[in-house]
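# Understanding the architecture of this molecule
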Amino acid sequence: GEGGLREAVSRAHSTMDRDGSGTLSVKEVYEGLNSVGIGVSEEEVQRMVAAADRDGVDGVSEEELQAMMSDIAEGKAVMKTAFRQKGAWLPGFLARPLVGLLEMVGRLDAKQDQKLQGKVRPYKDAGEVDQGMQGLQGKLSQLVLENDAVWKREENRREQIRAALDRAKEEKAASHSPGAADSGELVSKLSQTESPGIILGPYFLLCWLLDVLFTNRPIQRFWFLENVARMPYLSYSTMLAYYEVLGWWRASSDVRLIHFAEEWNEVQHLKIMEALGGDRLWIDRFLARHAAIFYYIILNHVWLFSPSIAYNFSELIEFHAVDTYGEFLDANEELLKSMPAPQEAIDYYESEDLFLFDEFQTGREPATRRPRVKNLYDVFMNIRDDELEHVKTMFQCQTAEAQIVSPNSRKQKAERQAGAK
């Protein structure tokens, strides 16, 4: 609670105040943070000290540190950083009342969250966290993700797809080529899944918002993404059932089972990010919950208008997730390998019952992918590979000439046919 936070901040201030002056200098804060595994530069510490030093006197007093940590706990620091990202893009007369409104909602959300914590999952106050957990939190705070690097990776991937499409078109034009038939099929499928401009605008807007709100906060970004990422599959299942009730047409029941398995997979990702503290700030919870509901409603209408466009948008989002996780893995490989895997990840990926895990991977036969989980690097690599399987499934939903059959149903049918012979 609040008392635990105050005690923890008081102890931290006393520990870092090595000269006993009662205020913390830039050097003391820099050495104190790095000594517990929180890697920051002197320039970053200077900005932190300048923000905390509210009375203008050289150094940060305990009261000023308490106020700064309280702001961070309530999410104010994140909001102010977001609104001032790359210049004051939101006018002050709009930003101030908006921040005030969000802070008021945040206080209500925080009270409700405290009531639910004990019922939803175990929770420890900042003052109750043991040294091992503090060390893990210190390492998690060092994880980085560069927005520009993610976009560069995405552009390279798009360029590779365009190059593959051009080669396929050339082979198709040369009808005497041995691979002409396969190339023609590839051209047809890639053309079907080319994203129309009507969905590229919302896609780039969503990605830009993620860049602004979650700069240098990768775990929180992933928690937000996994909250939103489960909504398409819930929406598709809803609309398929809606179509059946109206009697318009009945899709294979396997399709709904596949979408349920996809949503279940995203829920497991969400639980992993929660175990890493991705949902600790109320502002992140506020944004994620409302964004998920809004996204679900919009996708219902998009799917009603055109299932292919809805699937295409999901393919874009899942591909962006693959690029984001891939960049995150490359940028933090050594650090991630030094951290243990959350129990939530072990329980999911090493479960004895992986029926649903196989069910959403329509491009694979059941039991052909069994991830290992030795450390946090393995966890994020498995999540990235899951997202790639979602991409393949969304691609198939757009291009399949017949109804999609789930992997386990396909296996059972093959076994029945083999037994009949």
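Residues numbered from 1 in each chain as written. Predicted model: local features only at pLDDT ≥ 70, side-chain atom pairs only at ≥ 80, totals over all residues. Heavy atoms only, no water.

Looking only at helices and strands, the chain has 20 helices and two strands in total. Going through the 421 residues of the chain one by one, you find that 44% of them count as buried. If you take every contact in the chain between residues at least 6 apart in sequence, the share linking residues at least 24 apart comes to 75%. For the chain, the accessible area works out to roughly 22600 Å², and carbon and sulfur atoms hold 56% of it. (Helix = DSSP H or I, 4+ residues; strand = E, 2+ residues; numbered from the N terminus. Buried < 20%, exposed > 50% of the residue type's maximum accessible area, 1.4 Å probe, protein only. Contact = heavy atoms within 4.5 Å. Areas by Shrake-Rupley, 256 points an atom, 1.4 Å probe, with all protein chains shown as cover.)

Here we take up empty space enclosed by the protein. Enumeration over the complete set of coordinates arrives at three cavities of 30 Å³ or more. Roughly 80 Å³ of internal volume is contained in the largest cavity. Where the lining of the largest cavity is concerned, the elements lending two or more residues are α11 (218–229) and α15 (307–331). A total of four residues in the lining of the largest cavity trace back to one element, the largest contributor, which is α11. A per-class count over the lining of the largest cavity returns six nonpolar, no polar and three charged. Forming the boundary of the second largest cavity are A229, P232, Y233, Y295, S314, I317 and E318. Those elements that provide at least two residues to the lining of the second largest cavity are α12 (231–246) and α15. The element contributing the most residues to the lining of the second largest cavity is α15, with three residues. The residue inventory of the lining of the second largest cavity, partitioned by class, reads five nonpolar, one polar and one charged. (1 Å grid on protein atoms, 1.4 Å probe; cavity = no way out; pocket = protein on both sides within 12 Å on 5 of 7 lines; lining within 4 Å. Points joined across faces, edges and corners; volume = space filled by probe spheres on them. Nonpolar A, V, L, I, M, F, W, Y, C, P; charged D, E, K, R; others polar.)

The next subject is the packing of α11 against helix α13 (residues 253–275). Two quantities define a packed helix pair, namely the angle between the axes and the distance from one axis to the other. It is the contact of α11 with α13, at a shortest axis distance of 9 Å, that shows an interaxial angle of 155 degrees. One element, α11, and the other, α13, form an angle in the roughly antiparallel class. Handedness of the α11/α13 crossing: left-handed. Here α11 contributes I219, F222, W223, E226, N227 and A229 to the contact with α13, which in turn contributes E266, H269, L270, M273 and E274. Residues belonging to the contact of α11 with α13 are distributed by class as follows: six nonpolar, two polar and three charged. (Axes fitted to C-alpha atoms, helices over the stretch in contact; angles between N-to-C directions. Parallel < 35°, antiparallel > 145°, perpendicular 65-115°, else oblique. Left-handed = near helix turned anticlockwise from the far one by under 90°.)

A few words on unusual backbone geometry. For residues besides glycine, phi is generally negative; the peptide bonds are generally trans as well. Despite not being glycine, N216 has its phi angle at roughly 60 degrees, a positive value. If you check the backbone angles, A367 has positive phi at about 70 degrees while not being a glycine. Classification of A367 by relative accessible area gives partly exposed; the value is 46%.

Right, let's talk about α11 for a bit. Over its twelve residues, α11 extends 16 Å from the first C-alpha to the last, a length consistent with the 16 Å expected when each residue adds 1.5 Å. For α11, a buried count of eleven out of twelve residues is recorded, marking the element as mostly surrounded by other parts of the structure. (Expected span 1.5 Å × (residues − 1).)

Time to look at the nonpolar core. Counting residues in hydrophobic clusters, the biggest one holds 62 residues, and the most contacted among them are L336 and F380. Broken down by element, this core gets its largest block of residues, ten residues, from α15. Ignoring anything within four residues of it in the chain, the contact list for F380 reads I219, F222, M273, L276, Y325, F328, L329 and L336. Counting six residues, the second-largest nonpolar core is a separate cluster that includes M16, L24, V29 and L65. (Core = buried A, V, L, I, M, F, W, Y, C linked by side-chain atoms within 4.5 Å.)

The residue H390 is located in helix α19 (residues 376–399) in this model. Within the local environment of H390, its side chain forms a polar contact with the side chain of E262, the two groups lying 3.4 Å apart. Dropping the residues within four chain positions of it, H390 is found in contact with Y233, E262, N265, E266, E318 and F360. (Polar contact = N/O pair within 3.5 Å; in protein donor to acceptor, adjacent residues only side chain to side chain.)

Another point: the packing of aromatic side chains. Summed over all chains, the structure comprises 16 aromatic pairs. Consider the rings of Y349 and F357, whose centres lie 6.0 Å apart with planes at 85 degrees: the pair is edge-to-face. This pair shows no difference in class: Y349 is buried, exactly as F357 is. Linked through ring pairs, F222, Y325, F328 and F380 together constitute an aromatic cluster. Its guanidinium or amino end placed over the ring of F319, R157 lies 4.0 Å from that ring's centre, counting from NZ or CZ. A cation sits over an aromatic face here: K337 above Y377, 4.9 Å from the ring centre. (Phe/Tyr/Trp six-rings, centres within 6.5 Å; stacked < 30°, edge-to-face > 60°. Lys NZ or Arg CZ within 6 Å of the ring centre and 35° of its normal.)

Bringing the side chain of E327 into the picture now. Mapped onto the secondary structure, E327 falls in helix α15. Setting aside residues up to four positions removed in sequence, E327 forms contacts with L145, A149, V150 and R153.

Now for the pattern of salt bridges. Applying the stated criterion to the full structure yields 16 salt bridges. The partner of R158 in a salt bridge is E154, with the nearest N and O atoms 2.9 Å apart. With R158 and E154 both in helix α8 (residues 147–173), this residue pair falls four residues apart, about one helical turn. A relative accessible area of 1% places E154 in the buried class. (Salt bridge = Lys/Arg side-chain N within 4 Å of Asp/Glu carboxyl O.)

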